[in-house]
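Survey of secondary and tertiary structure
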Amino acid sequence: MRVIRTMSYDHRSIEARWQNAWRERGTYRTTEDPSKPKYYVLDMFPYPSGAGLHVGHPLGYIASDIVARYKRHCGFNVLHPMGYDSFGLPAEQYAIQTGQHPAKTTEVNAARYREQLDRIGFSFDWDREVRTSDPAYYKWTQWIFLQLFNSWYDTRANKARPIEELIDRFEAEGCQGQDAEVLTGDIEEPLGAFTADEWKGFSERTRQMVLQHFRLAYLSEAWVNWCPALGTVLANDEVKDGVSERGGHPVERKRMPQWSMRITAYAQRLLDGLDDLDWSTSMKEAQRNWIGRSEGASVRFPVGDDFIEVFTTRPDTLFGVTFLTLAPEHVLVGKYTTEGQRAEVESYVQEAKNRSERERQAEVDRITGVFTGSFAKHPFTEADIPIWVGDYVLAGYGTGAVMAVPGGDQRDWRFAKHFGLPIIAVTEGADIEKEADESKEATICSEGFLKGMQVPDAIRRAIQELEKLEAGEGRINYRLRDAAFGRQRYWGEPIPIYYRDDIPYPLPESELPLVLPEVDKFLPTEDGEPPLARAKDWNYDGYPLETTTMPGWAGSSWYFLRYMDPHNAERFASPEAIAYWKQIDLYVGGSEHATGHLLYFRFWTKFLHDRGWLPFDEPARKLVNQGMIQGVSAIVPFISRVSIEEKLDSVEDVGWMETSVAPFVYVSEAVIHGGELDARIRTVYEAYWPKLKNSSARLSFQFSGSHESIENVDSRNTIDVGGFIKSRSSSTGARPIEVLDDGDNRLTVRREVEKMSKSKLNVVNPDDIIARYGADTLRLYEMFLGPIEQSKPWDTNGIEGTYRFLRKFWNLFHQDNVGNGNNAGNEDNVVHVSDEEPNRAELKVLHATLKKVQEDIERMSFNTSVSQFMIAVNELGALKCNKRAVLEPLVVTLAPFAPHIAEELWSRLGHAESVTAAPWPVHDPQYLVEDSFSYPISFNGKTRLQLEFPIALSKEDIEAAVLANPEVQKRLEGKPPKKVIVVPKRIVNIVV
RNA sequence: GCCCGGGUGGUGGAAUGGUAGACACGAGGGACUUAAAAUCCCUUGGUCCGUAAGGACCGUGCGGGUUCAAGUCCCGCCCCGGGCACCA
């Protein structure tokens, strides 16, 4: 028998050939080239996990790759690198379990990632690959840390400056007033003012302690999110609902010495900078919420010779203050507790401190508090104001104390009600018996100079009065906290700090990189010290080195700069490279990084800018968040409970089925929705439960679902029963399996869209898709699925459409018998294109496609450009067009989307150079000009018929022609139309 | 509770205020074939009328409004996704 060769599109050989060719020729290698405009496209750094990629991961990479390739065709010099954020918890957890060094696991995982990425045909310049765990890389992460340590934020100049300048200032002027206000981190012990002479008299230790209050990377006693299960502290963005984001372990508030980053100094600039960024509104809003700016006033309530400072957004309600509340952790609680109240207060504080974050958040409705026994003076009325302690006041926000206005704040109101404290109405018309009036569109009614004023005016007036009395001032407060920077973990960048007399000192730059030491175990020491404490000789010149390591976000906060000059041994990147590549023009990644990475990397960029290392202060002008690709799970319903309906007292007749023989009963979804479900199930049970047979006892059932691998499901949502039973029997033990199937040995499953995950058996591996359909099909299909920002389920069934499209595209070049009803391509698989001049119809298809695809790429609407390609191929197929002048530009246009097939066709068309070097074909509008338009003729907005008129025809002529039309006349029934609207090249609407 | 998104056929989705459902999947029918694969053609939002050709009405979460014309703009709700949340 003769083997029939179906000589058509063979993705396997094509893709292997071109991936090799690109590697060998260095097609995507990029160098700085001042003769060309630059374009920087970056994907968010992946963490190389052991699980490898699933089809959801490359979605953003494909989109950015299309843009990168498109920009190259348009003449841009494109920087499009990739690397790995290779420090991180999973490798370390794995190391703890297996003893395998995290560096090794990371290496293996990165190699696997690379292999998978290569198979998809990305245009990454791999010569620029960076890894955060590479000492040559983290040398510069450590270097930036040292710069942060050696910098302070000058609120007058509104920028970071070298710490030496602060020391100079102290020596000349001391520290007074405004300088002391940079401390916005946690509740800080107020730093007293000092003179130049006092500074000069300070001991080394005192000076260093003072400077810690100013350094942008600093060590302090701070409230941290301690996660006992992970054995480390977490940054705020790593905690969600009181548990760790990774793993969901409980988190506690704990006070401990802690390296922090003074990101709060940049709060306002991080907020303002958002305005000019081309990011989605939701992303900007997330950052704005996280920064949480609120305007108000700080007010000092005198207590004896000291005072309590509070922050309020409503100084206009000052006359409604009936008590003050301190957070349990507030440093002044002890000081103001009277002897009589001491026992009660201390036990309350103790209890409040021991409650985890999660408990406190979960029990929002529980009102607790205790009176300290002391009173403060109202700054205006001089009335005695009782001082309470309550855990509804957060230690970490504002000053950790509030002035309670139960008439104007619902939380204060509830606290007052609960403890029987007085409630004064602050606004006109408020029903303070029922609730507080928090409205800002109100008139102040409390006695005093604010009476009768509108809220906004009263706020301004109150601040003026406070400032006059020096009892307070207008103030802006942020929710943003300083970021915890140290991790009690092994697999991260060592912090380049050593201790002399317990004072932290920076390592000299010449000592960098401070390489991660070898340890015997990746666990904390017996004394609870971090793993680095296990390292031998972990000291500098005999002084102990810091043992915590940097968090995951350190390395990723500046990596976009390293790609510009990845092998530079002298600097993190040369000024020339930075000046050339500048900001990221397009940054693509997940929206889950809104309040973590994306904030930190803006922060570091602003800092590096302040210190003169960058000519820009925002890292990414445009940001696009790709949606998640969800998995479609297949769920087989099974009976999780059988019971005898209670009303019928036949339990005794029937007895209970022996558990040991009770079968697992799986029921096809189709059967559940079909008829006679109960009867069929009963029949199954009767076989195992003889007494049931002749009984009238009625059974009721409860269903649960069991995940089945989506790979086994066909396009009709059914699976093979034989295979299903076989796969289940291993886990069900001796108990039998019964299946109520659809017949034909098939069983219908229920589909559910969920997150793609191993445990849900709905993971689709790109390698499998590529083996079957090819990378080009995968790329096209991922784009075709829908808008890039949207989350959507992966359904492998739909991929046939894009695969078919590529074959049709291929066949346009390979048929000598175009359009004979057999598009299988010619047998020799030799390109067969005609050099004839294309006709008008063919040119119209081409230019319409060039136009649409270009516009769609510019607005990142890739699903619609894929549609346009399909339309083009369908139409050219119908026109039997195989003309070079039409097909060649299409190859270039398709190249960003499906680079392998494009390269292959390009070379078959006789080009020696890569298609990536071809200029982008620009559409010519003259081929899109129509000379007539088929007008939809509508009556009262409803389309009734179509009439074709020349484009050149005037509105009046069209109107006349339309009204003269017999069909239109018939519809008007002789009555004159009220109005006729003619929109040229759009529509005619007749109002009757 | 507050702040952002979003809701369109069986499915993924398309539509500068101007013919709703492009393109694709799935489904149904047909051609080719011994058969299958592959390929090609037709139908495919709903309801109704008609033997048919064809036609009518309804339809973009719900209720109003603006407009000659609304998926698109405005107001009020409902639902889904995301962010923030005892934040003073």
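Scope of this entry: the structure provided in the associated data block. Residue indices begin from 1 for each chain and proceed along its sequence in written order. As they are written, the chains are lettered A onward and the ligands numbered 1 onward, keeping that order. Under the rules for a predicted model, residues below a pLDDT of 70 receive no local features and side-chain atom pairs below 80 are neither given nor counted, while totals for whole chains, interfaces and linings still include all residues. Side-chain descriptors were evaluated using all non-hydrogen atoms of the structure, hydrogens and water having been removed beforehand.

**Quick notes on the packing of helix H2 (residues 58-73) against helix H27 (residues 840-858)**
To be explicit about the condition: Angles here are taken between N-to-C directions and fall from 0 to 180 degrees, while the axes themselves are lines fitted to C-alpha atoms, restricted in helices to the stretch in contact. Only runs of H or I of at least four residues qualify as helices and only runs of E of at least two qualify as strands under DSSP, and these elements are numbered from the N terminus. Working definition: roughly parallel below 35 degrees, roughly antiparallel above 145 degrees, roughly perpendicular at 65 to 115 degrees, and oblique for all remaining angles. Crossing handedness is defined as follows: a turn of the near helix away from the far one that is anticlockwise and smaller than a right angle gives a left-handed crossing, while the clockwise case is right-handed. In this description, contact between two residues means that some pair of their heavy atoms is separated by no more than 4.5 Å. Each residue gets one of three labels, nonpolar for Ala, Val, Leu, Ile, Met, Phe, Trp, Tyr, Cys and Pro, charged for Asp, Glu, Lys and Arg, and polar for the others, Gly among them.
Axis separation between H2 and H27 bottoms out at 10 Å; the angle between their running directions is 120°. Our classification of the angle between H2 and H27 gives oblique. At the point where H2 passes H27, the crossing takes the left-handed sense. Residues Ile66, Tyr70 and Lys71 of H2 form the contact with H27, whose participating residues are Gln854, Ile857 and Glu858. Per-class residue counts for the contact of H2 with H27 are three nonpolar, one polar and two charged.

**Notes on the packing of helix H24 (residues 766-773) against helix H25 (residues 775-784)**
Angle between the axes and distance between the axes: these two values describe a pair of packed helices. The N-to-C vectors of H24 and H25 enclose an angle of 115°; their axes lie 7 Å apart at closest approach. Each of Pro766, Ile769, Ile770 and Tyr773 in H24 lies in contact with H25, whose residues at this interface are Ala775, Thr777 and Leu778. When grouped by side-chain class, the residues that make up the contact of H24 with H25 number six nonpolar, one polar and no charged.

**Re the sheet that holds strand E35 (residues 987-991)**
Our working definition: A strand pair is defined by DSSP finding two or more bridges across the two strands.
Here four strands make up an open sheet; going across it, the order is E33-E32-E35-E34 and the pairing mixed. Across the chains shown, the open sheet's two edge strands, defined by having one partner strand only, are strand E33 (942-950) and strand E34 (979-983). When strand polarity is set aside, the average angle formed by the axes of neighbouring strands in this sheet is 20°. Examined bridge by bridge, E34 and E35 share five bridges and lie antiparallel to one another. Note that in E35 the partner of Val983 across the bridge is Ile987. On top of the sheet, helix H31 (residues 955-964) reaches strand E32 (932-939), E33, E34 and E35; it is set at about 125° to E34, its chief contact.

**Points about unusual backbone geometry**
The bulk of non-glycine residues show a negative phi, and the bulk of peptide bonds are trans. Looking along the chain, the bond that leaves Leu512 and enters Pro513 is cis, with omega of -5°. Considering the arrangement of structural elements, one finds Pro513 in the loop between strand E19 (503-506) and strand E20 (539-540). The phi angle at Asp541 is positive, at roughly 55°, despite the residue not being glycine. By the secondary structure assignment, Asp541 is in the loop between E20 and strand E21 (543-544). Phi at Lys582 takes a positive value of approximately 55°, unusual for a residue other than glycine.

**Focus: the sheet that holds strand E22 (residues 586-589)**
With parallel pairing, four strands are arranged side by side in an open sheet as E2-E1-E22-E23. Where the open sheet ends on each side, the last strands, each with one partner, are strand E2 (77-79) and strand E23 (623-625). For this sheet the average axis-to-axis angle between neighbouring strands, irrespective of direction, equals 20°. Bridge count for strand E1 (residues 38-43) against E22 is three bridges, and the pairing is parallel. When the sheet's bridge partners are listed, Asp43 is paired in E22 with Val588.

**Digging into the side chain of Asn965**
Among the secondary structure elements, Asn965 is positioned in the loop between H31 and helix H32 (966-972). Residues within four places of Asn965 in sequence aside, it is in contact with Leu945 and Leu947.

**Some remarks on H27**
Heads up, the rule is: To estimate the expected span of a helix, count its residues, drop one, and scale the result by 1.5 Å. Residue burial is assigned from relative accessible area. The probe radius is 1.4 Å, only protein chains are included, and a residue is buried under 20% of its type maximum, exposed over 50%, and partly exposed in between. Polar contacts here mean pairs of N or O atoms no more than 3.5 Å apart (in protein, one a potential hydrogen donor and the other a potential acceptor; neighbouring residues in sequence count only if both atoms are side-chain atoms).
For H27, with 19 residues, the first-to-last C-alpha span of 27 Å sits near the 27 Å given by 1.5 Å per residue. Of the positions making up H27, those classed as buried are Glu842, Leu843, Val845, Leu846, His847, Thr849, Leu850, Val853, Gln854, Asp856 and Ile857. Residues of H27 that are buried make contact with H2, helix H28 (862-878) and helix H29 (884-894). For H27, the N-terminal capping position is held by Asn839, with its side-chain oxygen 3.1 Å away from the main-chain nitrogen of Ala841. After H27 finishes, the residue Met860 shows a positive phi value of roughly 55°.

**Describing the protein's contact with RNA strand B**
Quick note on the threshold: The nearness test applies per residue and asks whether one of its heavy atoms lies within 4 Å of the molecule or strand.
Of all residues adjacent to RNA strand B, which total 55 residues, the nearest are Thr313, Arg411, Arg479, Arg807 and Arg986. Near the protein, meaning within 4 Å, the atoms of RNA strand B are sugar or phosphate in a fraction of 62%, with bases accounting for the rest. At a separation of 2.4 Å, a phosphate oxygen of RNA strand B approaches a polar side-chain atom of Arg804. At 3.5 Å from a base nitrogen of RNA strand B is found a side-chain nitrogen or oxygen belonging to Ser867. Elements with a minimum of two residues in the surface near RNA strand B: helix H10 (281-291), strand E11 (306-312), helix H26 (799-814), H28, E33, E34 and E35. When its residues are assigned to classes, the surface near RNA strand B shows 19 nonpolar, 19 polar and 17 charged.

Read these as spatial facts, not as claims about activity.
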